[in-house]
Amino acid sequence: MSLLNDVKAALRIGHTALDDLIGRNIVGAIADMENKGVSASWLGTDAIAAPITIDDVDEDKLPSAAFGPIVSYVLVNTLLDFDERDDFMRIYESQVCTLLNGPMNSVYETEG
C-alpha cells in the first residue's frame, strides 16, 4: 500500500475525494516535523525544500514511528471541526516531542 492509502485506512476514509488534500497534509506533516527539529535524514527526506508532493516522499525510508504523527496531523488539518482541533493538535505535538526526545533523532546517534 502507499503512504496515502495507509493514512486513509487509518482515518477510515474509503473514497478518493480528499486524496489531494490528504496528500498535501502528509507532506505538510513531514515538513512540520522537520521544522520542529526531527532529523530530515531520519525521516528519509534529505531536507525537504518546498514545494514537494506526496510523490516525493520515499515511504520505504520513512520510519514507522513517524506514521502516528502524520495521521494526527492529517486528521487535524483535514477532518476536524474547529472545536476539536486544539485537543488533537496537542496530541500531534506530543507525538513530535516523543520523536525529538527519542533515540531515532540524530542528536542521540552515537559513534561506533
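### Notes on unusual backbone geometry
Even without a glycine there, the phi angle at Arg 12 is positive, about 60°. If you trace the backbone, Arg 12 turns up in the loop between α1 (3-10) and α2 (19-36).

### Observations concerning α2
Because an α-helix completes one turn every 3.6 residues, residues spaced three or four positions apart along the sequence face the same direction. If you check α2, its first and last C-alpha atoms are 25 Å apart, about what 18 residues at 1.5 Å a residue would give, namely 26 Å. Among all positions of α2, only Asp 19, Ile 22, Gly 23, Asn 25, Ile 26, Val 27, Gly 28, Ala 29, Ile 30, Asp 32, Met 33 and Glu 34 are buried. On its buried side, α2 packs onto α1, α3 (40-43), α4 (67-79) and α5 (82-101). Count one or two residues on from α2 and you reach Gly 37, which has phi positive near 115°.

### What about α5?
Taking 1.5 Å of rise per residue, 20 residues should cover 28 Å, and α5 covers 29 Å from first to last C-alpha, within 8% of that figure. Listing the buried residues of α5 in full gives Tyr 92, Val 96 and Leu 99. Close packing links the buried residues of α5 with α2, α3 and α4.

### Examining the side chain of Thr 78
Looking at the secondary structure, you find Thr 78 in helix α4. Not counting residues within four places of it along the chain, the set of residues in contact with Thr 78 comprises Leu 18, Leu 21, Ile 22 and Asn 25.

### Brief notes about the packing of α1 against α4
The interhelical angle for the contact between α1 and α4, taken along N-to-C directions, is 70°, at an axis separation of 10 Å. Between α1 and α4, the angle falls in the class roughly perpendicular. At the point where α1 passes α4, the crossing takes the right-handed sense. For the pair α1 and α4, contact is made by Leu 3, Asp 6, Val 7 and Ala 10 and by Phe 67, Ile 70, Val 71 and Val 74, respectively. Tallied by class, residues from the contact of α1 with α4 come to seven nonpolar, no polar and one charged.

### Considerations on the nonpolar core
Counting residues in each nonpolar core, the largest one holds 27 residues, and the members touching the most others are Val 7, Ile 26, Ile 30, Met 33, Leu 43 and Ile 70. Elements with a minimum of two residues in this core: α1, α2, α3, α4 and α5.

### Overview of the environment of Lys 8
In this fold, Lys 8 is placed in helix α1. Residue classification places Lys 8 among the buried residues on the basis of a relative accessible area of 6%. Expressed as a C-alpha distance, the spacing of Lys 8 and Val 74, which sit 66 residues apart in the sequence, is 9.4 Å. If near-sequence neighbours (up to four positions away) are discounted, Lys 8 is found in contact with Ile 13, His 15, Thr 16, Asp 19 and Ile 22.

### Considering the pattern of salt bridges
Enumeration over the complete set of coordinates arrives at five salt bridges. The shortest N-O distance in the salt bridge between Asp 19 and Lys 8 comes to 2.7 Å. Separated by 11 residues along the polypeptide, Asp 19 in helix α2 and Lys 8 in helix α1 bring together distant segments of the chain. Asp 32 is the partner of Lys 36 in a salt bridge, and the nearest nitrogen-oxygen pair spans 3.2 Å. In this pair, Lys 36 and Asp 32 both sit in helix α2, four residues apart, roughly one turn of the helix. Classification of Asp 32 as buried rests on a relative accessible area of 17%. Three or more residues are tied together by salt bridges with common partners; here these are Asp 32, Lys 36 and Glu 93.

The rules behind these values
Residues numbered from 1 in each chain as written. Predicted model: local features only at pLDDT ≥ 70, side-chain atom pairs only at ≥ 80, totals over all residues. Heavy atoms only, no water. Helix = DSSP H or I, 4+ residues; strand = E, 2+ residues; numbered from the N terminus. Expected span 1.5 Å × (residues − 1). Buried < 20%, exposed > 50% of the residue type's maximum accessible area, 1.4 Å probe, protein only. Contact = heavy atoms within 4.5 Å. Axes fitted to C-alpha atoms, helices over the stretch in contact; angles between N-to-C directions. Parallel < 35°, antiparallel > 145°, perpendicular 65-115°, else oblique. Left-handed = near helix turned anticlockwise from the far one by under 90°. Nonpolar A, V, L, I, M, F, W, Y, C, P; charged D, E, K, R; others polar. Core = buried A, V, L, I, M, F, W, Y, C linked by side-chain atoms within 4.5 Å. Salt bridge = Lys/Arg side-chain N within 4 Å of Asp/Glu carboxyl O.

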